[in-house]
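Below are the chains, spelled out letter by letter.
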Amino acid sequence: MTLLADLLSTVFERRTRIGPILRRDPRSTDALIADLMGTTSETAALALARRVLQRYAEMDDPARLALFRHIAEAYDLDPAALRAALDAYEAAPSGASYRAFTHATEAPRQALIRQLNQVPGGTERLVQMRADLLRLGVEDPALQALDLDFRNLFRSWFNRGFLVLRPISWESPAHILEKIIAYEAVHTIQSWDDLRRRLQPADRRCFAFFHPAMPDEPLIFVEVALSRGTPGSIQALLAEDRTPGSAEVADTAVFYSISNCQPGLAGISFGNSLIKQVVSDLAAELPGLKTFVTLSPIPGLVRWLEQQGIRYDSRDGKAMAGLAAHYLLNAKRADGQPVDPVARFHLGNGAMVQAVHAGADISENGLRQSGGVMVNYLYDLGKVEKYHDRYAELREVKAAQPVRALSTAREKATAAGA
């Protein structure tokens with residue numbers, strides 16, 4: 001009976017997540033949404049929400065863009081109601097006037113998004129909907145406001161308290177492994193054998209965050225190599241003929257790839273929590289681990305060098321290391337943060353620039369983006385919070401002395417006309 005019950009439960013869960021096949025409704029999508037926003041019946045609201053999502057799934061890109069514009073304009077804030085609610089609260093602060101004010105500050109389209117989320121499987125569909133919105137309407141100011149509503153709701157729905165950390169291994173379900181291959185964004189997984197080399201050996205780990213509403217969709221994952229000492233080459237780390245080591249004798253955990261999986265969750269930060277949780281779990285599992293470091297790409301280096309009119313030769317390792325150190329420590333945006341996106345991520349998490357390595361990624365992509373240079377960001381567990389605070393408050397970039405020396409030597413060479 002238990003086996004039968006489990007089977008029936010699984011079938012029921014899949015049916016409810018997909019939703020029933022609905023008859024064609026003669027109303028327009030705009031009319032369906034208006035009825036959804038106006039009904040007080042939970043049953044009617046669920047049926048209408050299903051119809052809206054089904055209709056959206058059938059649309060082509062122009063129709064989806066038109067729908068986004070309709071939602072953005074028809075369910076925008078009411079400025080007059082907002083001013084009136086603020087005046088009422090200022091005149092007589094109370095629970096009721098405050099409640100009325102907070103209600104007025106929320107665009108009705110947020111209520112629409114919440115209604116759509118009531119449908120089983122709705123969360124995943126809304127994430128895809130936002131991915132479409134970002135792809136189709138990124139330059140439209142009205143749609144940017146709609147995107148902010150999506151983002152604010154997603155930040156609440158996908159906060160750390162709801163996320164589940166799961167190890168990914170060679171024994172994980174095939175549909176999850178297929179997605180790891182598809183979503184790998186840093187070092188392309190070339191084949192199932194390549195994936196096996198990253199997951200099966202005892203000195204390899206992979207962890208991913210999942211959300212209960214999207215149990216088969218990883219949100220972000222990190223690949224980890226366990227080693228003795230800090231590696232300085234991604235090709236050596238991922239070599240087909242390397243000899244796997246023992247996790248028990250490793251003293252270093254190397255985070256060599258972090259991939260965000262869902263375009264619809266862009267701007268929702270998971271990486272900080274993921275790294276901290278993985279560090280904590282690995283330290284508990286393997287007390288011999290003393291160093292937690294990345295082997296990271298420098299994706300903006302070559303582009304920045306070209307923009308600055310700085311000549312470079314990827315075959316000159318010493319010069320490339322100096323250019324990379326100078327770039328990481330000194331190339332800043334108007335807000336004082338580093339130009340390089342990977343640097344912003346790790347420094348914002350409280351890491352420091354530990355070392356740069358020329359010839360560390362000689363793949364076509366590595367040479368094109370960074371002239372083959374890679375960087376180690378060190379997560380010093382005793383100083384992470386201090387470094388994070390210094391970066392957040394002062395935009396201070398912490399770096400090891402050898403990296404600073406490389407940068408200084410480059411600056412002196414430039415001043416001398418070299």
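Residues numbered from 1 in each chain as written. Predicted model: local features only at pLDDT ≥ 70, side-chain atom pairs only at ≥ 80, totals over all residues. Heavy atoms only, no water.

Think of a ball as big as a water molecule: rolled over the atoms, this probe shows where empty space is left. Its boundaries defined by the atoms lining it, the largest pocket holds a volume of some 620 Å³. Along its surface, the largest pocket is lined by 31 residues, and Val186, Ile258, Asn260, Val342 and Phe345 are the ones closest to its centre. For the lining of the largest pocket, the secondary structure elements donating two or more residues are β4 (252-260), β6 (296-297), α16 (341-348) and α17 (364-370). The dominant element in the lining of the largest pocket, judged by the number of residues it contributes, is β4, at 6 residues. In terms of residue class, the lining of the largest pocket is built from 17 nonpolar, 13 polar and 1 charged. By volume, the second largest pocket amounts to about 300 Å³. Along the walls of the second largest pocket sit 14 residues, with His187, Thr188, Gln190, Arg198 and Ser363 positioned nearest its centre. Secondary structure elements with two or more residues in the lining of the second largest pocket: α11 (192-199) and α12 (234-237). Of all the elements, α11 adds the most residues to the lining of the second largest pocket, at 3 residues. (1 Å grid on protein atoms, 1.4 Å probe; cavity = no way out; pocket = protein on both sides within 12 Å on 5 of 7 lines; lining within 4 Å. Points joined across faces, edges and corners; volume = space filled by probe spheres on them. Helix = DSSP H or I, 4+ residues; strand = E, 2+ residues; numbered from the N terminus. Nonpolar A, V, L, I, M, F, W, Y, C, P; charged D, E, K, R; others polar.)

What follows covers the pairing of β4. β4 sits mainly inside the fold: 7 of its 9 residues count as buried. Both strand β3 (residues 220-227) and β4 contribute to a ladder of 8 bridges, which runs antiparallel. In the strand pairing of β4, Ser227 is matched with Thr252. Both β4 and strand β5 (residues 291-294) contribute to a ladder of 4 bridges, which runs parallel. Bridge pairing links Thr252 to Thr291 in β5. (Buried < 20%, exposed > 50% of the residue type's maximum accessible area, 1.4 Å probe, protein only. Pairing = 2+ DSSP bridges.)

Right, let's talk about the nonpolar core for a bit. One finds Phe154, Phe158, Phe270, Val278, Leu328 and Val353 to be the most contacted residues of the largest nonpolar core, which totals 84 residues. With 8 residues, the top contributor of residues to this core is helix α15 (residues 317-330). Leave out the neighbours within four places in its chain, and Val278 touches Leu165, Phe207, Val222, Val224 and Phe255. Ile234, Val293, Met352 and Ala400 belong to the second largest nonpolar core, which has 14 residues in total. (Core = buried A, V, L, I, M, F, W, Y, C linked by side-chain atoms within 4.5 Å. Contact = heavy atoms within 4.5 Å.)

All right, on to the packing of aromatic side chains then. Counted according to the given criterion, the structure contains 8 aromatic pairs. Ring geometry for Tyr56 versus Phe68: centroids 5.9 Å apart, planes at 50°, classification tilted. With a gap of 12 residues between them, Tyr56 in helix α3 (residues 42-58) and Phe68 in helix α4 (residues 61-74) connect regions that are remote in the sequence. Residue class for Tyr56 comes out buried when judged on its relative accessible area of 6%. When the centroid spacing of 5.7 Å and the interplanar angle of 50° are considered together, the rings of Phe154 and Trp157 count as tilted. Placement of both Phe154 and Trp157 in helix α9 (residues 141-157) is noted, with a separation of 3 residues, approximately one turn of the helix. Exposure class is identical for Phe154 and Trp157. Each is buried. Of the aromatic side chains, those joined through ring pairs into one cluster are Phe150, Phe154, Trp157 and Phe158. Its guanidinium or amino end placed over the ring of Phe210, Arg166 lies 3.7 Å from that ring's centre, counting from NZ or CZ. Taking the ring centre of Tyr391 as reference, the NZ or CZ of Arg395 above it sits at 5.5 Å. (Phe/Tyr/Trp six-rings, centres within 6.5 Å; stacked < 30°, edge-to-face > 60°. Lys NZ or Arg CZ within 6 Å of the ring centre and 35° of its normal.)

Glancing now at the confidence of the model for the protein. Here the protein shows a mean pLDDT of 92. Residues at 70 or above account for 94%. When pLDDT is averaged over each element of the protein, strand β8 (residues 374-378) comes out on top at 98 and helix α1 (residues 2-18) at the bottom at 40. In this model, residues 1-18 is a region of pLDDT below 50 whose contacts with residues beyond four sequence positions or in other chains number 8 contacts. (pLDDT = per-residue confidence, 0-100.)

Our focus in this paragraph is unusual backbone geometry. Look at Arg395: it is not a glycine, yet its phi comes out positive at around 55°. A residue is classified by how much of its surface remains accessible, and Arg395, at 27% relative accessible area, is partly exposed.

Taking 1.5 Å as the rise per residue, α3 with 17 residues should run 24 Å; its terminal C-alpha atoms sit 25 Å apart, in good agreement. Here the buried face of α3 lies against α2 (29-38), α4, α7 (108-117) and α8 (122-137). (Expected span 1.5 Å × (residues − 1).)

This part takes up the state of the cysteines. Covalent bonding between the sulfur atoms of two cysteines is what defines a disulfide. Per the counting criterion, the structure on display carries 0 disulfides. In this structure Cys206 is a free cysteine whose sulfur lies 9.1 Å from that of Cys261, the closest cysteine sulfur available. (Disulfide = S-S within 2.5 Å.)

Here we come to the packing of α2 against α3. Closest axis-to-axis distance for the α2/α3 pair is 9 Å, and the angle between their directions is 155°. Considering their axes alone, α2 and α3 lie roughly antiparallel with respect to each other. As for the relative orientation of α2 and α3, their crossing is left-handed in sense. Where α2 approaches α3, its residues Thr29, Leu32, Ile33, Asp35 and Leu36 are matched on the opposing element by Ala45, Leu48, Ala49, Arg51, Val52 and Arg55. Partitioned by chemical class, the residues of the contact of α2 with α3 number 7 nonpolar, 1 polar and 3 charged. (Axes fitted to C-alpha atoms, helices over the stretch in contact; angles between N-to-C directions. Parallel < 35°, antiparallel > 145°, perpendicular 65-115°, else oblique. Left-handed = near helix turned anticlockwise from the far one by under 90°.)

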